[in-house]
Amino acid sequence: MNIISLRPAPCGSGNTIAHVDIEIIDGARLYGLRIAQMSDRSFRVFGPNTDRGGRSMSFDPAVVNAIARAALNHSQLDEHSQYDRVTS
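Residues numbered from 1 in each chain as written. Predicted model: local features only at pLDDT ≥ 70, side-chain atom pairs only at ≥ 80, totals over all residues. Heavy atoms only, no water.

(A) Summary view of the overall build of the chain. A tally of helices and strands in the chain yields 1 helix and 4 strands. Residue burial in the chain is summarised as follows: out of 88 residues, 32% are buried. Nonlocal contacts in the chain, meaning residues at least 24 apart in sequence, comprise 33% of its contacts between residues at least 6 apart. (Helix = DSSP H or I, 4+ residues; strand = E, 2+ residues; numbered from the N terminus. Buried < 20%, exposed > 50% of the residue type's maximum accessible area, 1.4 Å probe, protein only. Contact = heavy atoms within 4.5 Å.)

(B) Spatial organisation of the sheet that holds strand β1 (residues 2–8). Sheet architecture is open: 4 strands sit in the order β1-β2-β3-β4, paired in antiparallel fashion. Of all the strands in the sheet, just β1 and β4 (43–46) have a single pairing partner and so form its edges. In this sheet, neighbouring strand axes are inclined to one another by 30° on average, regardless of whether the strands run parallel or antiparallel. Where strand β2 (residues 16–25) lies against strand β3 (residues 28–37), 7 bridges are found, and the strand directions are antiparallel. (Pairing = 2+ DSSP bridges. Axes fitted to C-alpha atoms, helices over the stretch in contact; angles between N-to-C directions.)

(C) Highlighting the nonpolar core. Within the largest apolar cluster, 17 residues are counted, with the highest numbers of intra-cluster contacts made by V20, I22, L33, I35, F43 and I67. Counting only elements with at least two residues in this core, the list comes to β1, β2, β3, β4 and α1 (61–75). The element that contributes the greatest number of residues to this core is α1, accounting for 6 residues. Look past the residues within four positions of I22 in its chain and what remains in contact with it is M1, N2, I3, I4, A28, R29, L30, L33 and I67. (Core = buried A, V, L, I, M, F, W, Y, C linked by side-chain atoms within 4.5 Å.)

(D) Region of interest: the pairing of β2. Within β2, 7 of the 10 residues are buried, which leaves it mostly tucked inside the rest of the structure. Bridge count between β1 and β2: 6 bridges; the pairing is antiparallel. Bridging from a neighbouring strand, L6 pairs with V20 of β2.

(E) Representation of the pairing of β4. Judged by which residues are buried, β4 turns out to be one-sided: F43 and V45 face inward and are buried, whereas R44 and F46, on the alternate face, are not. When β3 meets β4, the two strands line up antiparallel, connected through 4 bridges. What sits directly across from I35, in β4, is V45. Between β3 and β4, which pair antiparallel one after the other, the connecting turn spans 5 residues, and R41 there sits at a positive phi close to 75°.

(F) Seen up close, the layout of surface pockets. One number sums up the size of the largest pocket: a volume of about 240 Å³. Looking at the lining of the largest pocket, the elements that each hand over two or more residues are β4 and α1. Among the elements that line the lining of the largest pocket, the one with the most residues is β4, at 4 residues. Split into classes, the residues belonging to the lining of the largest pocket amount to 7 nonpolar, 5 polar and 2 charged. (1 Å grid on protein atoms, 1.4 Å probe; cavity = no way out; pocket = protein on both sides within 12 Å on 5 of 7 lines; lining within 4 Å. Points joined across faces, edges and corners; volume = space filled by probe spheres on them. Nonpolar A, V, L, I, M, F, W, Y, C, P; charged D, E, K, R; others polar.)

Following this line, the structure appears as structure tokens:
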């Protein structure tokens, strides 16, 4: 899995820590994924909504953790004090 682009969430974005574009395997890319950390410190990854407001994709917890860890490693968000709630 490769991180194509990572955009840290601005302060005050709730539980969202970043938005990422990833290449999950060669030739398969996903854009605009939102990574959130929940109050129990687990991660969630959300894809963009459809035009009708529904989900466009969902991920198995193992895939969520792989995406979150790749993003955290890519950006080293966990080293910045404004993201001190994030652990790697």
